Amino acid sequence: VGILFPNHPDYVAAFFAVAGIGATVVPINPLLKSDEIAHILSDSNAHALIVHAASLDEALRSQSRSAVLSKIFVGAAALESASLAQQSQNSGIEIK
């Protein structure tokens, strides 16, 4: 499971949640571009990505370049954003 977060308290929660279910944590620098993110996701065989709302655009662009990524999870507070809801409908990817 990839984690695409800046230095933020929610990163710690995401890290321990992924580790707690026995999955492998793949930390991804939020300053990377979509091609680099897609390479990391494909190379690590990550099927899910936990992302901070600020990095969602790069995550969605990288999803189209990654053959294995099937789910993107965004923090609950970010889901209240109308623009985020619109992005999720337009992208065709499941955002939870």
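Structure report, in brief. (Residues numbered from 1 in each chain as written. Predicted model: local features only at pLDDT ≥ 70, side-chain atom pairs only at ≥ 80, totals over all residues. Heavy atoms only, no water.)

A word on a nonpolar patch on the surface
Okay, so step 1: A cluster of nonpolar side chains, Val12, Phe15 and Phe16, forms an exposed patch at the surface whose accessible area comes to about 290 Å².
Okay, so step 2: Here Phe16 lies in helix α1 (residues 9–20).
Okay, so step 3: Using a relative accessible area of 56% as the deciding quantity, one classes Phe16 as exposed. (Patch = residues over 30% accessible without salt bridge, like charges linked within 9 Å, V, L, I, M, F, W, Y side chains within 5 Å. Areas by Shrake-Rupley, 256 points an atom, 1.4 Å probe, with all protein chains shown as cover. Salt bridge = Lys/Arg side-chain N within 4 Å of Asp/Glu carboxyl O. Helix = DSSP H or I, 4+ residues; strand = E, 2+ residues; numbered from the N terminus. Buried < 20%, exposed > 50% of the residue type's maximum accessible area, 1.4 Å probe, protein only.)

Digging into the side chain of Glu58
Okay, so step 1: Tracing the chain through its elements places Glu58 in helix α3 (residues 56–63).
Okay, so step 2: Among the residues examined, Glu58 registers a relative accessible area of 18% and is labelled buried.
Okay, so step 3: Here Ser34 takes part through its backbone nitrogen, which lies 2.7 Å from a polar atom of the side chain of Glu58.
Okay, so step 4: Aside from chain neighbours lying at most four places away, what touches Glu58 is Leu32, Lys33, Ser34 and Ile37. (Polar contact = N/O pair within 3.5 Å; in protein donor to acceptor, adjacent residues only side chain to side chain. Contact = heavy atoms within 4.5 Å.)

Thoughts on the pairing of strand β4 (residues 71–74)
Okay, so step 1: Burial of β4 is one-sided: the residues Ile72 and Val74 facing one way are buried, the residues Lys71 and Phe73 facing the other way are not.
Okay, so step 2: Where strand β3 (residues 48–51) and β4 come together, 4 bridges link them in parallel fashion. Across the sheet, the residue bridging to Leu49 is Ile72, located in β4.
Okay, so step 3: Following the backbone out of β3, through α3 and into the adjacent parallel β4, one traces a crossover that is right-handed. (Pairing = 2+ DSSP bridges. Right-handed = clockwise from strand over helix to strand, strands pointing away.)

Describing the packing of aromatic side chains
Okay, so step 1: Taken as a whole, this structure holds 2 aromatic pairs when the rule is applied.
Okay, so step 2: Relative to Phe16, the ring of Phe15 has its centre 5.4 Å away and its plane inclined at 85°; by these criteria the two rings are edge-to-face.
Okay, so step 3: For Phe15, a relative accessible area of 31% puts it in the partly exposed group.
Okay, so step 4: An aromatic cluster of at least three residues, connected via ring pairs, comprises Tyr11, Phe15 and Phe16. (Phe/Tyr/Trp six-rings, centres within 6.5 Å; stacked < 30°, edge-to-face > 60°.)

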